Amino acid sequence: MLRAGTDLKTLARRFWKVAAPYWWSEDKAQARLQLAGVFALTLATTGISVGFNFLGRDFYNALADKDQEQFTKQLLYYLGGFAVGVPFFVLRDYARETLSLRWRSWMTSYYMKRYFKNRTFYKIQSQSLIDNPDQRINDDLSAFTGTALAFSLTLLNAVVDLVSFSNILYGIYPPLFVVLIVYSLGGTAISVFLGKSLVNLNFMQEKKEADFRYGLVRVRENAESIAFYGGEENELQLLLDRFRRAYQNLSELLIASRNLEFFTNGYRYLIQILPAAVVAPMFFAGKIEFGVINQSVSAFNHILSDFSLIVFQFQSISAFSAVIDRLGEFDDLLGENGSSLSPRRDSIDGINISFKSGSPSVLSSNGSQMQSEPGIVLEICDLTLLTPRGGNILITDFNMELKDKDHLLVMGPSGCGKTSLLRALAGLWTSGTGDIIYHARDSRQLQTATLGSNEPSNIKPEGEELLQSSKQRRDNGIFFVPQRPYMVLGTLRQQLLYPTWTANIHQSPTNDAQSKAPLSFLSEVSTSDGVGAKPEMPSTDELIRVLEVVRLGYILPRFNGMDSVHDWASVLSLGEQQRLAFARLLLAKPTLVLLDESTSALDDTNEVHLYSQIEAAGITYISVGHRKTLHRFHNKVLYISKSDSATGSLRNWELKPTDQKSIEESSPFAS
């Protein structure tokens, strides 16, 4: 399926929006200095080319005159010119590539920060907003910076060439200059006509190649599951189908390129004889010397190359246009400060998540005094939760208070919205209405976000603050443990410290060289405005102790200590990964933890042990699960049934103490 092509105005706007930020960034001084150096070297190489044009004229005149002495002299001039000129060409290309790398480094950092800020990466993936953002950050940014600089210098070189060689060519024979103009304009028009489909085909090729590569990555990441299912033939067929789509599009791209090449090759070869054919009658009439023919051919080729940029570079321009289109689409999605992905404050998207300090009395948003009741950890007020895209009602008018040492178990049939409730509590889903209020207590002070002067403030006065980032949630003592824990790329030590001590885990002896890199923007990792206190980083002894507590001490000798690097998602079983997630939790010491079937792969003995450990640590927790054995670790149970999405008028939840009855007897929603 072909997409509609992007118009030239949109393409130009996207190019400027993608290209401009770097040249006004914190690195602008160095960037502009390097760009000036590249331009200066480009001007120098153009001057050298003009010098070679005159040297060539005198060289061939001496050859035609059979003047050996003059020929030897011009040959020495030529060799001397090569010795002086070649370094300028090499340094120009090196300076351009160095600036391109620096520009790409800054843009990679810039886009990655925006990609991770405010959980944008999650919104893009969960809502399928664009395809393959990883390819756009890695491949497209690299292609954009390199090609943009190359084209900019080509354009500068063309302008200078045009000024320098037009005078030479016009001075030799004015009609030749007219022939050049007509030839180049005609060639450009024909090239645009023949190659108009290339932009869209290049765009689609980028997408289809990325889809195929993504399929291969999924096989690598899910190798064991595929092997258990015996799904090799199915995966092979899916991958071949994706490759077949890339092949078909590439075949169309090659046909379009072939048709263009028929013209451009003929256009390119004809110019080798065209200027000589035009000025030859003057030579035969004795009006010009033989060396002037060579000079006219050289000047003609230089100027025609400048006028024929679109003809000679059309395939590169079309590929570059596809890159601009993909990056511009990505940039439009990210928007300024992620505004294009910000939740809309209306009846569909109006769940407010805020933090309240534990001070005895705070001011509400209308200035009245609010008394913060002792012992409350979480309040949920009039919560109605909807799915983000479909708008299906999952939970209706839910109200609850959770106090210190309360432990809530969430149960219900599959698909009723149990995990979705945790997503809402974590701030990942905000579709619906109501308020979720966390109470920061004890040694934890409310961690507020530091907003720039140009950013609107969502902070409520004196002690209440809206959720703005995942880091802010962690800083206020809220921790999440999923069913399948995320295993970071790195050492066992980094697994344990993730995500609480993210800034510290990358400072290790193995990357000291990188930490001393001159590009400061590559070492900045913060993606949130909130900056809060965190527990002191655990020592190695404490890390070993917590592994023993979760009964994982045996993996230390198995993997040669804390600092060995492995593919932890592959070498650890799911049960071991879940115990490691509990180790992270015990190290972080949060106020409240959200557990999404976090012991599903564990036996009863280990499940009892881990729950007893987090309860002994004084942590309040909310668990989602199906097992009856979970009742013993909780004093409240929330039963959720599937809601009638058509009306959502009836309450579809029930909150009860666990000591009333068993789940079969107490829940009106049990099957």
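Residues numbered from 1 in each chain as written. Predicted model: local features only at pLDDT ≥ 70, side-chain atom pairs only at ≥ 80, totals over all residues. Heavy atoms only, no water.

What follows concerns the overall build of the chain. Counting its regular elements, the chain contains 23 helices and 15 strands. For the chain, the residues scored as buried account for 46% of the 671 residues in total. Relative to all contacts within the chain whose residues are 6 or more apart in sequence, the contacts with residues 24 or more apart total 77%. In the structure as shown, the chain presents an accessible area of about 33700 Å², 57% of it carried by carbon and sulfur atoms. (Helix = DSSP H or I, 4+ residues; strand = E, 2+ residues; numbered from the N terminus. Buried < 20%, exposed > 50% of the residue type's maximum accessible area, 1.4 Å probe, protein only. Contact = heavy atoms within 4.5 Å. Areas by Shrake-Rupley, 256 points an atom, 1.4 Å probe, with all protein chains shown as cover.)

Let us look at the packing of helix α18 (residues 540-549) against helix α21 (residues 574-588). α21 packs onto α18 with a crossing angle of 130° between their chain directions and a minimal axis gap of 9 Å. The angle between α18 and α21 falls in the class oblique. Crossing of α18 against α21: the hand is right-handed. Here Glu542, Leu543, Val546 and Val549 of α18 lie close against α21, whose contacting residues are Ala583, Leu586 and Leu587. In the contact of α18 with α21, the residues fall into six nonpolar, no polar and one charged. (Axes fitted to C-alpha atoms, helices over the stretch in contact; angles between N-to-C directions. Parallel < 35°, antiparallel > 145°, perpendicular 65-115°, else oblique. Left-handed = near helix turned anticlockwise from the far one by under 90°. Nonpolar A, V, L, I, M, F, W, Y, C, P; charged D, E, K, R; others polar.)

Inspection of the secondary structure puts glutamine 135 in helix α5 (residues 133-172). Within the structure, the side chain of glutamine 135 is placed 2.9 Å from the backbone oxygen of glutamate 206, a separation counted as a polar contact. The contacts of glutamine 135, once residues within four sequence positions are left out, are Asp140, Glu206, Ala210, Arg213 and Arg326. (Polar contact = N/O pair within 3.5 Å; in protein donor to acceptor, adjacent residues only side chain to side chain.)

Attention shifts here to the packing of aromatic side chains. Given two aromatic rings, their pairing is described by the distance between the two centres and the angle made by the two planes. The final tally for this structure, using the stated rule, is 25 aromatic pairs. A centroid spacing of 4.8 Å and a plane angle of 15° characterise the contact between tryptophan 106 and tyrosine 110, whose relative ring orientation is stacked. Of this pair, tryptophan 106 and tyrosine 110 both sit in helix α3 (residues 68-116), four residues apart, which is roughly one turn of the helix. Taking the relative accessible area as the measure of exposure, tryptophan 106 reaches 7% and is therefore buried. The exposure class assigned to tyrosine 110 is partly exposed, which follows from its relative accessible area of 22%. Above the ring of tryptophan 24, the side-chain terminus of arginine 32 is found at 5.3 Å from the ring centroid. (Phe/Tyr/Trp six-rings, centres within 6.5 Å; stacked < 30°, edge-to-face > 60°. Lys NZ or Arg CZ within 6 Å of the ring centre and 35° of its normal.)

Moving on: the packing of helix α6 (residues 174-194) against helix α9 (residues 232-270). Relative placement of two packed helices is described by the angle separating their axes and the distance separating the axes. With their axes 9 Å apart at the nearest point, α6 and α9 run at an angle of 165° to one another. Classified by the angle between their axes, α6 and α9 sit roughly antiparallel to one another. Our pair here, α6 against α9, has a crossing hand that is left-handed. Residues Tyr183, Ser184, Gly187, Ile190, Ser191 and Leu194 of α6 touch α9, and the partners they reach there are Asn259, Leu260, Phe263, Thr264, Gly266, Tyr267 and Leu270. A breakdown of the residues in the contact of α6 with α9 according to their chemical character gives seven nonpolar, six polar and no charged.

With that out of the way, let us pick up the pattern of salt bridges. Two side chains with opposite charge may pair up if their charged atoms get near one another. This structure, assessed with the given rule, holds 23 salt bridges. With a shortest N-O distance of 3.6 Å, lysine 17 and aspartate 331 are connected by a salt bridge. Of this pair, lysine 17 sits in helix α1 (residues 8-23) while aspartate 331 is found in helix α12 (residues 309-334), placing the two residues 314 residues apart along the sequence. When its relative accessible area of 28% is taken as the criterion, lysine 17 is described as partly exposed. Here arginine 493 ties to aspartate 563 by a salt bridge, and the two come within 2.9 Å at their closest N and O atoms. Within this pair, whereas arginine 493 is found in helix α15 (residues 492-497), its partner aspartate 563 is found in the loop between α19 (555-558) and β11 (565-566), the two being separated by 70 residues in sequence. Under the relative-accessibility criterion, aspartate 563 is labelled exposed at 52%. (Salt bridge = Lys/Arg side-chain N within 4 Å of Asp/Glu carboxyl O.)

Residues given the UniProt feature "transmembrane region" (unreviewed entry) here are residues 35-55, 75-95, 141-160 and 172-194. In the segment residues 75-95, helix accounts for 100% and strand for 0%; the C-alpha atoms at its two ends are 30 Å apart. From the first C-alpha to the last, residues 141-160 spans 29 Å; its make-up is 100% helix and 0% strand. (UniProt positions renumbered as here; feature names shortened; annotations may be inferred.)

Relative to the 54 Å expected for 37 residues at 1.5 Å per residue, helix α2 (residues 28-64) spans 53 Å between its end C-alpha atoms, a close match to the ideal helical length. Positive backbone phi, at 55°, marks lysine 66, one or two positions downstream of α2. (Expected span 1.5 Å × (residues − 1).)

So, about the nonpolar core. Core analysis: the biggest nonpolar cluster contains 40 residues, and Leu492, Leu496, Leu547, Leu585, Val593, Leu595 and Ile614 have the highest contact counts within it. Considering each element in turn, this core owes the most residues, eight residues, to α21. (Core = buried A, V, L, I, M, F, W, Y, C linked by side-chain atoms within 4.5 Å.)

The subject of this paragraph is the environment of glutamine 578. Mapping glutamine 578 onto the fold places it in helix α21. The spacing of glutamine 578 and valine 550 is 28 residues in sequence and 9.7 Å in space, taken between C-alpha atoms.

Another aspect to go through is unusual backbone geometry. Cis geometry marks the peptide bond from tyrosine 498 to proline 499; its omega dihedral reads -5°. You can see proline 499 is positioned in the loop between α15 and α16 (502-505). Look at arginine 551: it is not a glycine, yet its phi comes out positive at around 65°. For arginine 551, the position within the fold is in the loop between α18 and α19. Residue class for arginine 551 comes out partly exposed when judged on its relative accessible area of 36%.

For the rest of this paragraph, the subject is the pairing of strand β4 (residues 376-386). Within β4, nine of the eleven residues are buried, which leaves it mostly tucked inside the rest of the structure. Summarising the sheet, β4 and strand β5 (residues 393-403) pair through seven bridges and their orientation is antiparallel. Paired with isoleucine 380 across the bridge in β5 is methionine 400. Between the antiparallel neighbours β4 and β5 lie six residues, among them glycine 391 with a positive phi of about 75°. Of the pairings in the sheet, the one linking β4 to strand β7 (residues 432-439) comprises six bridges and is antiparallel in character. Pairing of glutamate 379 across the sheet is with isoleucine 437, part of β7. (Pairing = 2+ DSSP bridges.)

In space, the six strands of this open sheet follow the order β9-β12-β13-β6-β14-β15, with mixed pairing throughout. Where the open sheet ends on each side, the last strands, each with one partner, are β9 (478-481) and β15 (653-657). Within this sheet the neighbouring strands show an average axis-to-axis angle of 15°, counted without direction. Here strand β6 (residues 407-411) runs beside strand β14 (residues 636-640); their pairing, made up of four bridges, is parallel. Residue valine 410 lies in a different strand from β14, and its bridge partner there is leucine 638. The strands touched by α21 are β9 and β12 (592-596); relative to β9, the strand with the most contacts, the crossing angle is about 175°. Here helix α22 (residues 604-616) sits on the sheet in contact with β6, β12 and β13 (620-624), set at roughly 150° to β13.

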